[in-house]
Each structure stands twice: as structure tokens, then as C-alpha cells.
Amino acid sequence: MLNIAHLTSAHPRHDARIFGKQCRTLADHGHRVTLVVADGCGDEDRHGIHIVDAGAARGRLQRMISATTRVYRCALALAPDVVQLHDPELLPAGLLLQRHGCKVIFDAHEDVPRQLLGKPYLPPWTRHALAATYARFEHQACRRLDGVITATPFIRERFERINRATVDINNFPMPEEFGADLAWADKPLQVCYAGGLSAIRGIAELVRACELLQTPVRLQLAGAFSEPALAAQLRARPGWRHIDALGQLARGDVAALLGASRAGLVTLHPTLNHLDALPVKMFEYMAAGIPVIASDFPRWRAIVEGDGDGGACGLCVDPCDPPAIAAAIDYLAGHPDIARRMGDNGRRAVRARYNWRSQSNKLIDFYDHL
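The rules behind the values
Residues numbered from 1 in each chain as written. Predicted model: local features only at pLDDT ≥ 70, side-chain atom pairs only at ≥ 80, totals over all residues. Heavy atoms only, no water. Salt bridge = Lys/Arg side-chain N within 4 Å of Asp/Glu carboxyl O. Helix = DSSP H or I, 4+ residues; strand = E, 2+ residues; numbered from the N terminus. Buried < 20%, exposed > 50% of the residue type's maximum accessible area, 1.4 Å probe, protein only. Axes fitted to C-alpha atoms, helices over the stretch in contact; angles between N-to-C directions. Left-handed = near helix turned anticlockwise from the far one by under 90°. Contact = heavy atoms within 4.5 Å. Nonpolar A, V, L, I, M, F, W, Y, C, P; charged D, E, K, R; others polar. Polar contact = N/O pair within 3.5 Å; in protein donor to acceptor, adjacent residues only side chain to side chain. 1 Å grid on protein atoms, 1.4 Å probe; cavity = no way out; pocket = protein on both sides within 12 Å on 5 of 7 lines; lining within 4 Å. Points joined across faces, edges and corners; volume = space filled by probe spheres on them. Core = buried A, V, L, I, M, F, W, Y, C linked by side-chain atoms within 4.5 Å. Pairing = 2+ DSSP bridges. Right-handed = clockwise from strand over helix to strand, strands pointing away. Phe/Tyr/Trp six-rings, centres within 6.5 Å; stacked < 30°, edge-to-face > 60°.

(A) Examining the pattern of salt bridges more closely. Under the defined criterion, the tally for this structure stands at 18 salt bridges. For Asp39, the salt bridge goes to Arg13, with nearest N and O atoms at 2.7 Å. One end of the pair, Asp39, is in the loop between strand 2 (32-37) and strand 3 (44-46); the other, Arg13, is in the loop between strand 1 (3-7) and helix 1 (16-28), with 26 residues separating them in the sequence. Using a relative accessible area of 8% as the deciding quantity, one classes Arg13 as buried.

(B) Representation of the packing of helix 7 (residues 203-210) against helix 13 (residues 322-334) in the model. Running from N to C, helix 7 and helix 13 point in directions that differ by 60°, and their axes come no closer than 8 Å. Considering the relative orientation of helix 7 and helix 13, their crossing is right-handed. Every residue of helix 13 that contacts helix 7 at Glu205, Leu206, Arg208 and Ala209 is listed here: Pro322, Ile325 and Ala326. For the contact of helix 7 with helix 13, the per-class residue count stands at five nonpolar, no polar and two charged.

(C) A look at the side chain of His269. Note that His269 resides in the loop between strand 12 (264-266) and helix 10 (272-275). Using a relative accessible area of 16% as the deciding quantity, one classes His269 as buried. Polar contacts involving the side chain of His269 include one to the side chain of Glu205, which spans 3.0 Å. Ignoring anything within four residues of it in the chain, the contact list for His269 reads Ala199, Ile200, Gly202, Glu205, His274, Phe297, Pro319 and Cys320.

(D) Quick peek at the side chain of Asp111. Structurally, the position occupied by Asp111 is in the loop between strand 6 (103-108) and helix 4 (112-117). What makes Asp111 buried here is its relative accessible area of 5%. Those residues in contact with Asp111 that lie beyond four places of it in its chain are Phe154, Ile155, Arg158 and Asn273.

(E) Representation of the layout of surface pockets. The calculated volume of the second largest pocket comes to roughly 270 Å³. If you go around the second largest pocket, you meet 16 residues; those closest to its centre are Pro153, Leu278, Ile303, Arg353 and Tyr354. Per-element accounting of the lining of the second largest pocket gives the leading share, three residues, to helix 12 (residues 298-304).

(F) Here's a closer look at the nonpolar core. Ranked by internal contacts, the top residues of the largest apolar core, which has 60 residues, are Met282, Tyr285 and Met286. Excluding anything up to four places from it in sequence, Met282 contacts Val266, Val292, Ala294, Trp300, Ile303 and Val304. Tyr72, Leu97, Cys102 and Val112 belong to the second largest nonpolar core, which has 32 residues in total.

(G) Molecular detail of the pairing of strand 6. Among the six residues that make up strand 6, five are buried, leaving the element largely enclosed by the rest of the structure. Where strand 5 (residues 82-85) meets strand 6, four bridges bridge the pair, whose relative direction is parallel. Looking at strand 6, one finds that Gln84 is bridged to Ile105. Between strand 5 and its parallel partner strand 6, the chain crosses via helix 3 (residues 91-99), and the hand of that crossover is right-handed. Here strand 6 pairs with strand 7 (residues 147-150) via four bridges, running parallel. The partner of Phe106 across the bridge, within strand 7, is Val148.

(H) Layout of the packing of aromatic side chains. Counting across every chain of the model gives seven aromatic pairs. Geometrically, the ring pair formed by Phe225 and Trp240 is tilted, given 6.3 Å between the ring centres and 40° between the ring planes. Taken as a pair, Phe225 in the loop between strand 10 (218-222) and helix 8 (228-235) and Trp240 in the loop between helix 8 and strand 11 (243-245) lie far apart in primary sequence, 15 residues in all. Aromatic ring contacts, followed pair by pair, group Phe172, Phe283 and Tyr354 into a single cluster.

Shown next, in the form of C-alpha cells:
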């Protein structure tokens, strides 16, 4: 049995990837697992995992300075055998913990250099300078760590050149979470989007698409705006009257929403970081048995419109083209038999390949090799 500490200064304590999948998988395998967070909500024991609260931080800068120090001190007091870092700002803490005899793993949830290059609010020269500086720091830190876990095969390919002990643990869904869907004939005429609401995630195009719909479809938005000015602008558009803004929902409520919908939307903009991503919401829509309307990126198209794992499970569109998005919604609303068949194809693909069980075995094997 290993004494394992997962550390995060930025993610919520019940994050689906960190707590719901990785921590629970390792605890169920017999390891002693502690999750150190920085949210100010106090300590907690849940599902056999001890959650230690290092205290909340105010603002991003304080989080990156004071919260990381407190998370490090909490981890040091636990004297773990293995530490898994879930935020880039924790890499210096990981190097210090190595000096105290811990095995240290970095979990690369995102391709941070590409993410920085895609930040629209940063001047181009700033983006490139920050991306290059961070890439050098990441390379120097991660080549000294005991292993790297990545969220996609694309990110794994980059880290394999830095650290040979690298494995991709994809953030695929647990199919059992999405089994309580309505019979197709009982579903209301609605489609859904679950996730963060921002410009680069295509929320403006979704609202404009609602102005062009030829069928009385409603769009259910489950998520919170990260840009208040954008939220005010979109709420004033005529398409907003076709939208139900649900706010952030609990995991069970998200599953219920997907099960009651006729399609799920994931029309992210073609930023560098999105092109090779594997967004969990796409696979959750598939797990819920509903067709996907997705951005027409090559990697996504191979999954959504391919025939490798049970057939086509949705439609791919230009995410910057509201008329194309509206036409896809109208098509699936007007062809329920095709939509249901696509949903069935997606569910089969998740059960056969795109599920957490296939990834949990890789996680256990990785820890066993450590």
C-alpha cells in the first residue's frame, strides 16, 4: 500500500478527474489517498479519501504564491510515498518534495504553452514570451520528476521527449453515471451545453444560432460565465429568449439534463489548445446516448463522424458559423430516428473504448511501476 497525496491549489475538491476518478480509483485499489486542496471549506473524509484544506486564496496571484506554499507544507506533513501535482504552479513544490524522498508525478491537464498562445486578451508578443518562458521552465522541472501523466495522447507525445516515464490517462466518462435517460419520445424538444461559458468556447455563436432556428428547440445552458461583459451582451440578444440558463449544476443534475436532451453541443473555437483536445463533455454526451454537435476539427471528426467504434455519433460544424450550428440543431430535431441512432452509436463507442475503466487500469499500472 502506498501513501499517496494529490495536490491542487486551483481545482475544486470534488473535481471529476482528480477526486472522482483518480483518487477514488487509487483508494479502491487499496492505497491510502489524501487530497490537499486550497478552498477554505475545511477538512473532509469522503469515499475513503481524506481531504485536507490548506486554506483559500483571494485572487489568482495570491493563489500562485501563498496557496502553493500552504499546499506544500500540508503535503510535507503527510510524509507521502508519492505526490501527484495537478497545477503547473505546484512544480517548484514538487521538486522540493523530491528532496524529502517523495516520488513526484506531474499531471498535465492542459498543454499550457499552447493555452497561453491562444489567450485573446494578451498582446501577441506577450503570449509568445510567456509561452516560451513557461515551456522552458516546464521542460527543466518535468525532466527531473519521477513521471508525467497527461490528459490526451497529443500532450503525451510532447512530454515523452522530456520524461520517458510518461503516460496518457484520458479524462473519459464513467458510463454508469449516465444511464437514467428518458425514452426518446418523452424528451422535450431541447439541446444542451454543459461547461464554462466564454467567447473561445463558442457561447456567442450558440446564442446567435438560436436566432436562426427553424424549429422550436430550446437550448439548455449548464455553466457559468467567466466574462461578465459578454454575459450582459448575450442576454440582450434576441436569441436569449430561446435559452434556459441553468447555472452550474451538480454532477447528478448534469447527467439528468443530458438524459433529457436530444443533442449536446461542444462547438469550441479553433484555438491551438482546442484543436488537439479531447473535451470530456463530448464523451459525456455520447455516454448519455445523445448525438454530438461538435467543432469540425480533424481529431474530433474522426470520433464523431467516423465508423471505427459503432458508427457516426453526431455532426461536425464550423464553430464560428451560427447558421451551420442552427442547421445541425434543426436537422437533429427534425429527424429523431437518426438522432436516436447516432446517440446509440455514441453510447456503444463509450462502452467499448472511451470509458474511465480503460484509463483506470493504466493509472494503476503506472503507480505499480513507481
